[in-house]
Amino acid sequence: MTTQTAPLALYGPAFAADPHGHYARLRAQGPLARVALSPGVEATLVVDYQTALDLLRDEHRFTRDPRRWQATLPPDSPILPMLGYRPTALFSDGEVHARYRRAINDTLAFIQPHVLQSQVTEVARQLVARFAATGTADLIHGYARQLPLHVFNTWFGVPPEDSERLVAGMAGMLESREQAAAAYADLVAVVTDLVADRRAAPRRDLTSYFLRHRADLDNDETVRQITLTMSAGHEPTTNLIGNALFHLLSSPQAAGSVLGGATTAREAIDDVLWRDPPLSSFSAHYPRQDLEFHGHRLRAGEPVLVSYAAANAEAAPGAGERDVRSGQSAHLAWGAGPHRCPARQPALLIAMTAVEQLTGQLCDMELAVPGDELIWRPGPFHRALTHLPVRFTPLAV
């Protein structure tokens, strides 16, 4: 049985600046450890690879429904936009989860890879053209954040005037801050208007496909599945692109090989998914009753989250006897079990194409400031840079 220790805070600049140092201290406590997600909100965090798999696959002893725990929090808790209950696949079990999941899977199946790749290529070239002649750029705000936004707007049919509200809403949800609830509420408002419009006048877009799905979702259920799909797709994809570009630019060996064509963008992105996944900790589970799990006593209804980053670090190449890497698919960045991310293939294609297009056009990019001076956004759930400033030889456009 593990010894209870003071919870380690997963919020604030100290954690953001050195998450792997925090993970190492947590792993020293065993496969599970107590953490604080925000002031006054504690949880258990799984930091061991096999323990994480056992949790992610266990539908019998754990539920994804947070309402029992949620009732103990103030309604304005800044953690609720990420962990508070909504009628979505993320917070459901059994047949309810299967119904929502079928609607998401079947709708995303309409995304044709060759069309998506062509679209991402076109948008990437347009974005690069905006700053290519200047010789400098912020690759987060000028590229990594803009590219998935254009893609999602097109596929879901979002009006251009609502783009900034979508970005603010999706980004705000991932911040453990007071504005998170307002950010999520505005995101829901944008999608609610979109769903109402498509209910009255369907088009050839994913919003209309959700409404026509045989799951027969009502308006609120449709809004919630779309909001989940957007938020789970846009921010992590943005940060996957940003983290991959930072990895290339801060590692001389990787930069030289990728920009020279010796290493593929897929290999570089997979390395980031192992070592610095954009969604670093999530997958909240709640014990259905008091139980012992991998030597740790868990109370019914209290949150147990998975740290993909910590579990990956233990199992990644170089971890000695615990090395479980099998090809590139064994990392936990997409989750595992019945709630494994349904959008991993489109997200990978977007990220790979984004990296290939940028490095192909600006092959002499370098960081404009030392890598250790870059600032990472605080919060327990994500690994995300605030800015990624670069310089390069200006191009004539």
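For the structure itself, look to the data block above.
The following refers to the structure shown.

Rules used throughout
Residues numbered from 1 in each chain as written. Predicted model: local features only at pLDDT ≥ 70, side-chain atom pairs only at ≥ 80, totals over all residues. Heavy atoms only, no water. Axes fitted to C-alpha atoms, helices over the stretch in contact; angles between N-to-C directions. Helix = DSSP H or I, 4+ residues; strand = E, 2+ residues; numbered from the N terminus. Parallel < 35°, antiparallel > 145°, perpendicular 65-115°, else oblique. Left-handed = near helix turned anticlockwise from the far one by under 90°. Contact = heavy atoms within 4.5 Å. Nonpolar A, V, L, I, M, F, W, Y, C, P; charged D, E, K, R; others polar. Buried < 20%, exposed > 50% of the residue type's maximum accessible area, 1.4 Å probe, protein only. Expected span 1.5 Å × (residues − 1). Arc of directions from axis to C-beta. Pairing = 2+ DSSP bridges.

Side note on the packing of helix α11 (residues 180-200) against helix α13 (residues 219-250)
Phase 1 of the analysis: Running from amino to carboxyl end, α11 crosses α13 at an angle of 125 degrees, the nearest separation of the two axes being 9 Å. One way to sum up the angle between α11 and α13 is to call them oblique. Of the two possible hands of crossing, α11 and α13 adopt the one that is right-handed. Mapping the contact onto sequence places Y184, L187, V188, V191, T192, V195 and R199 in α11 and N219, T222, V223, R224, I226, T227 and M230 in α13.
Phase 2 of the analysis: For the contact of α11 with α13, the per-class residue count stands at eight nonpolar, four polar and two charged.

Notes on helix α16 (residues 308-315)
Phase 1 of the analysis: For α16, a buried count of seven out of eight residues is recorded, marking the element as mostly surrounded by other parts of the structure.
Phase 2 of the analysis: When α16 is considered as a whole, its buried residues turn out to be Y308, A309, A310, A311, N312, E314 and A315.
Phase 3 of the analysis: Where the residues of α16 are buried, they touch α2 (19-27), α3 (49-56), α15 (265-275), β6 (281-287) and β9 (304-307).

Things to note about unusual backbone geometry
Phase 1 of the analysis: With phi around 55 degrees, D216 is a residue other than glycine that occupies positive phi space.
Phase 2 of the analysis: When you line up the elements, D216 lands in the loop between α12 (206-212) and α13.
Phase 3 of the analysis: A relative accessible area of 59% places D216 in the exposed class.
Phase 4 of the analysis: A positive phi angle, close to 50 degrees, is found at H294, a residue other than glycine.
Phase 5 of the analysis: By secondary structure assignment, the location of H294 is in the loop between β7 (291-293) and β8 (296-298).

Some words on the packing of α13 against α15
Phase 1 of the analysis: Where α13 contacts α15, the axes come no closer than 9 Å and their chain directions differ by 105 degrees. As summarised for this structure, α13 and α15 are arranged roughly perpendicular, according to the angle between their axes. When α13 is examined against α15, the residues L240, N243, A244, H247 and L248 are found in contact with a partner set consisting of A268, I269, D271, V272 and L273.

Section: helix α6 (residues 94-108)
Phase 1 of the analysis: Here α6 is 15 residues long and its end C-alpha atoms lie 21 Å apart, about the 21 Å a rise of 1.5 Å per residue gives.
Phase 2 of the analysis: For α6, every residue scored as buried is listed here: H97, Y100, R101, A103, I104, T107 and L108. Down the axis of α6, the smallest arc covering the buried residues is 155 degrees, so these residues share one side.
Phase 3 of the analysis: Lining the buried residues of α6 we find α12 and α13.

Some points on the sheet that holds strand β11 (residues 389-391)
Phase 1 of the analysis: Strands sit in the order β5-β11-β10 across an open sheet of three strands; the sheet is antiparallel. Edge positions in the sheet fall to β5 (136-138) and β10 (366-367), since each has one partner strand and no second.

Digging into the sheet that holds β6
Phase 1 of the analysis: Pairing is mixed across the open sheet formed by six strands, whose spatial order is β1-β2-β3-β9-β6-β4. The open sheet has two free edges, formed respectively by β1 (8-9) and β4 (62-63), since each of these has just one partner strand.
Phase 2 of the analysis: Two elements, strand β3 (residues 41-46) and β9, share three bridges in a ladder whose sense is parallel. For T44, the partnering residue across the bridge sits in β9 and is V304.

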